[in-house]
Amino acid sequence: MKRLLLPLLAALALPTAVSSHETQTRNAHYEALTGGSILSICKAHYLNYISDKNTESMLGKIYNTHLKVYYGSKQEAIKSYNKLYLVSLEQYPECNSRAFKLKRD
């Protein structure tokens, strides 16, 4: 009985560890894609290639996509997105959605 118990416990624990690693790898991949997308849009806006309205629209689509593909809770996905967005604001402070709204008002 003891001989069967240890392999059974190992078999149950191993897929969980692999699954956790896969989730972290996927989330890192999605964060890289989201961060690159945000920076690309903000740089295009900075160079006046796209308007405020289009920038705001595209950032909203990136946000919604990030929430859909991110593995974990919605709060974790929002926290992840906000971290990435803050990095882009350090380089492109005018890429702030509040600034777009102030320009329109």
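Since the model is a prediction, treat every value here as computed from it, not as a measurement. (Residues numbered from 1 in each chain as written. Predicted model: local features only at pLDDT ≥ 70, side-chain atom pairs only at ≥ 80, totals over all residues. Heavy atoms only, no water.)

### Concerning the nonpolar core
As a reminder of what qualifies: Here, nonpolar core refers to any group of buried Ala, Val, Leu, Ile, Met, Phe, Trp, Tyr and Cys residues whose side-chain atoms link them within 4.5 Å. Accessibility here uses a 1.4 Å probe with only protein chains present; expressed as a share of the type maximum, an area under 20% marks a residue as buried, one over 50% as exposed, and anything in between as partly exposed. Helical segments are the DSSP runs of H or I of at least four residues, strand segments are the runs of E of at least two, and each set is numbered from the N terminus.
The biggest cluster of nonpolar side chains holds 13 residues, and the ones touching the most others in it are I38, L59, I62, Y81, Y85 and C95. Among the elements of the structure, α1 (2–46), α2 (52–69) and α3 (74–91) are those that each provide at least two residues to this core.

### Describing unusual backbone geometry
A positive phi angle, near 60°, is found at N48, a position not held by glycine. Taking relative accessible area as the criterion, N48 reaches 68% and is therefore assigned exposed.

### Focus on the pattern of salt bridges
This is how the line gets drawn: In what follows, salt bridge is the name for a side-chain nitrogen of Lys or Arg lying within 4 Å of a carboxyl oxygen of Asp or Glu.
Taken as a whole and assessed by the stated rule, the structure comprises one salt bridge. Linking R26 and E22 is a salt bridge whose minimum nitrogen-to-oxygen distance equals 4.0 Å. One end of the pair, R26, and the other, E22, are both in helix α1, four residues apart, so they sit about a helical turn from each other. Owing to a relative accessible area of 38%, R26 belongs among the partly exposed residues under this scheme. Overall, the relative accessible area of 38% leaves E22 in the partly exposed class.

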